[in-house]
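These are the residues of each chain, in order.
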Amino acid sequence: MIVTEKLFEIEDQTEKLVQAILTSDSIESYKINRQTMYASKDVRDKQKAFLDAKDAFERIEAYGNHAPDFRTKQRAVRQAKRALDVSDEVAEFRFSETEIQTILDLVGMAVAKTISNDIKVDAGNPFFEKGSHSGCGGNCHAS
């Protein structure tokens, strides 16, 4: 790659974009929610319960239905994970995380679309609408 003034301009614009994102309300909300989540004793307790249940299940998982209490331990893992996921602190953190991912996806899509509509952008959110890109158009498995 040949270094030109244009490259330096792009680098400057990129730095401005990064700074704008870092000073946004979404990032501030993310930082607060992250700190709140990690400081919560309730979250730590639920996380420990989940990890303990997961460890107990992983010890018998290879034996499948033949292991005693297989279904009970499997259900305990799911319940502990659900309890962790629905706690207010974790839910707020995940919401703010998704909000930031959406911002980054939009920026990536805008840059790609500016260059060409044919550029595909891998969005981090599986529910993110990808504009006019609709995969193979239903002809992927045509014989």
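Look up a bit, the structure's there.
Okay, so let's go over this structure. (Residues numbered from 1 in each chain as written. Predicted model: local features only at pLDDT ≥ 70, side-chain atom pairs only at ≥ 80, totals over all residues. Heavy atoms only, no water.)

1. Some details on the overall build of the chain
Along its length, the chain carries five helices and zero strands. Secondary structure elements in the chain, listed N-terminal to C-terminal, are α-α-α-α-α. Here the chain holds 143 residues, and 22% of them are scored as buried. Sequence-distant contacts in the chain: of pairs separated by 6 or more residues, those separated by 24 or more amount to 48%. Carbon and sulfur atoms form 55% of the exposed surface of the chain, whose accessible area is close to 11,200 Å². (Helix = DSSP H or I, 4+ residues; strand = E, 2+ residues; numbered from the N terminus. Buried < 20%, exposed > 50% of the residue type's maximum accessible area, 1.4 Å probe, protein only. Contact = heavy atoms within 4.5 Å. Areas by Shrake-Rupley, 256 points an atom, 1.4 Å probe, with all protein chains shown as cover.)

2. Looking at the packing of helix α4 (residues 70-85) against helix α5 (residues 88-115)
The contact between α4 and α5 brings their axes to 6 Å, and the two run at 70°. With respect to α5, the axis of α4 lies roughly perpendicular. Contact residues: α4 offers Lys81, Leu84 and Asp85, while α5 offers Val90, Ala91 and Arg94. Its residues assigned to classes, the contact of α4 with α5 shows three nonpolar, no polar and three charged. (Axes fitted to C-alpha atoms, helices over the stretch in contact; angles between N-to-C directions. Parallel < 35°, antiparallel > 145°, perpendicular 65-115°, else oblique. Nonpolar A, V, L, I, M, F, W, Y, C, P; charged D, E, K, R; others polar.)

3. Side note on a nonpolar patch on the surface
A cluster of nonpolar residues, Val111, Ile115 and Ile119, forms a patch on the protein surface that exposes about 270 Å² of accessible area. With respect to the element layout, Ile119 can be found in the segment after α5. For Ile119, a relative accessible area of 34% puts it in the partly exposed group. (Patch = residues over 30% accessible without salt bridge, like charges linked within 9 Å, V, L, I, M, F, W, Y side chains within 5 Å. Salt bridge = Lys/Arg side-chain N within 4 Å of Asp/Glu carboxyl O.)

4. Remarks on the pattern of salt bridges
With the rule as written, the count across this model stands at seven salt bridges. Among the ionic pairs, Lys54 bridges to Glu58, the shortest N-O distance being 4.0 Å. With a gap of four residues between them, Lys54 and Glu58 both fall in helix α3 (residues 41-60), about one helical turn apart. A relative accessible area of 34% means that Lys54 is categorised as partly exposed. Between Asp85 and Lys81 there is a salt bridge, and its shortest N-O distance comes to 3.1 Å.

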